[in-house]
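Here are the chains, one letter per residue:
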Amino acid sequence: MRYSLLSLVRQALAGHRGWTPAWRDAAPKASYDVIVIGGGGHGLATAYYLAKNHAIRNVAVLEKSYIGSGNAGRNTTIIRSNYLLAGNEPFYEHSMKLWEGLEQDLNYNAMVSQRGVLNLFHSDAQRDAAARRGNAMRLCGVDAELLGAEAVRRMAPFLDFENARFPIHGGLLQRRGGTARHDAVVWGFARAASELGVDIIQGCEVTGFIRQAGRVVGVETSRGEIRAAKVGMAVAGSTSRLARLVDLRLPIESHVLQAFVSEAIKPLIPGVITFGAGHFYISQSDKGSLVFGGDLDGYNSYAQRGNLPAVEHVCEEGVAIMPLIGRVRLLRSWGGIMDMSMDGSPIIDRTPLDGLYLNAGWCYGGFKATPASGWCFAHLIARDEPHEVARAYRLDRFATGHLIDEKGQGAMPNLH
Amino acid sequence: MRVRCPFCGERDSSEFVFLGDASVRRPDPDAPEAAARFVEAVYIRDNPAGRYAELWYHGAGCRSWLTVTRDTRTHEVFAVELAREADR
């Protein structure tokens, strides 16, 4: 069923009894052309673009739980393309452009809202870094504006500009950045992929890989063996666990990142605002809740829950930047497991095993990358060569020295 | 999460700094495959879901380097030793 104003009116008049499920909950067949492991945003987007861009429609997405139950449902919904390095910026801008047309393409309301992403700076050195980043963005044809303190004050007068330790000197603004509704992104890709013939199989955990003559030719799952000419992994958070089944060791550590939602308040925050003196990012959902987060807890974890020191730290940062939220009550917090790569950038590449493809290492920037990640991973699987904007995301870059270390932290995954 | 430091007793995890995998050893730079071994040591990790021996530094306490054995699925701490003793 195509969603439109007409379909809405028709259903309203019929008492909303005629809506059909948005996508087909499939049972596994014996074999497929391509299996994508992981029913998050990236996996579903990969299946959708395999079907749409490459006419490969005999595809299964295998999800061990329900779709969108991992990091796709656990993020702070920010979309942006304000990266510095040449290996990253064209990729994220490709993603931004896909976001801009996504709802028309999927015929689904993903609530993409380009309300702007403002990165504050608090010192002259940070202003220089922001100017450099803005210039790098503009060289790639991306919008960036360097704002002084007065311009920031007009946008967000409630910030603590005169903070003795971290006064606000200005900010780098990307007006095209913003937020999207994370669950709707998952459902939209699932619906569009399902309509093109993709099987979405939930409750189907991969427990092993079937190998023949050094090639991966399928997977063993909790719902039986499934064969495929090609298998793609898009299971960020659990990548090492899955890769271990084929004795593949990766430059990845799994870390827990917490995110937070406050009670709903009246409209306050115009877009996404980040605190430059710590690591803190905040936006306001359409429902009125403040949605925010900060750093990783900092230790390896698969627990999908964090500890209180990180909660305290994030809330301190929030109050430092905008003291007026001091009495807003925290409603919920949750943890997601991040694939922290050793240089802070993702991997979209073939593996040493023929027939097995890897999409991993998204650190905590995976949500904004969802459309382009699917686009480029589908390209890699279909054509056996990397997409132009994802050429730098090679698995062997750690051995060859072609790292993409946006923050310059070195091989410290918990600091990226 | 609380860590029982051998010197200081049970302390909140926020007093510590996490470094990572305690099994990593600096390879012999004169070995024939030294380059490949350094790539392994610097970048490649087992990243297990379960028991994991890792290095923690008690920065807000006795400043010892500790080897903490912990379950990455539950955050349960099984054992804490001084790193130099665990290394023996």
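Bear in mind that the values here come from a model prediction, so they are computed numbers and not experimental data.

A. Main features of the sheet that holds strand β5 (residues 145–148) of chain A. Residue and element names in this part refer to chain A. Here we have eight strands laid out as an open sheet, ordered β5-β6-β4-β13-β14-β15-β12-β16, and mixed in their pairing. The strands lining the two open edges of the sheet, one partner per strand, are β5 and β16 (330–341). The mean angle between the axes of side-by-side strands here comes to 25 degrees, regardless of whether they run parallel or antiparallel. Bridge count between strand β14 (residues 280–284) and strand β15 (residues 289–300): four bridges; the pairing is antiparallel. In the sheet register, Gln284 faces β15, and the bridge partner there is Leu290. Packed onto the sheet, helix α4 (residues 124–139) meets β4 (117–121), β5 and β6 (170–174) and runs at close to 15 degrees relative to β6. Across the sheet, helix α8 (residues 308–321) is in contact with β4, β12 (252–264), β13 (272–275), β14, β15 and β16; its angle to β15 comes to roughly 135 degrees.

B. Quick peek at the sheet that holds strand β3 (residues 17–21) of chain B. Residues and elements named next belong to chain B. Strand order in the open sheet formed by four strands is β3-β4-β5-β6, and the pairing between neighbours is antiparallel. Edge strands, defined here as strands with exactly one partner in the open sheet, are β3 and β6 (77–82). Along the sheet, successive strands turn relative to each other by an average axial angle of 30 degrees, direction set aside. Of the strand pairs in this sheet, strand β4 (residues 51–57) and strand β5 (residues 65–71) are connected by seven bridges, and their pairing is antiparallel. When the bridges of β5 are listed, Tyr57 appears paired with Trp65.

C. Fine view of the state of the cysteines. The tally for this structure, following the rule as stated, stands at zero disulfides over all chains. In this structure Cys376 of chain A is a free cysteine whose sulfur lies 15 Å from that of Cys140 of chain A, the closest cysteine sulfur available. With no disulfide partner, Cys5 of chain B has as its closest neighbouring cysteine sulfur the one in Cys62 of chain B, 3.6 Å distant. A residue is classified by how much of its surface remains accessible, and Cys5 of chain B, at 2% relative accessible area, is buried.

So, how was this worked out
- Residues numbered from 1 in each chain as written.
- Chains lettered and ligands numbered in written order.
- Predicted model: local features only at pLDDT ≥ 70, side-chain atom pairs only at ≥ 80, totals over all residues.
- Heavy atoms only, no water.
- Pairing = 2+ DSSP bridges.
- Helix = DSSP H or I, 4+ residues; strand = E, 2+ residues; numbered from the N terminus.
- Axes fitted to C-alpha atoms, helices over the stretch in contact; angles between N-to-C directions.
- Contact = heavy atoms within 4.5 Å.
- Disulfide = S-S within 2.5 Å.
- Buried < 20%, exposed > 50% of the residue type's maximum accessible area, 1.4 Å probe, protein only.

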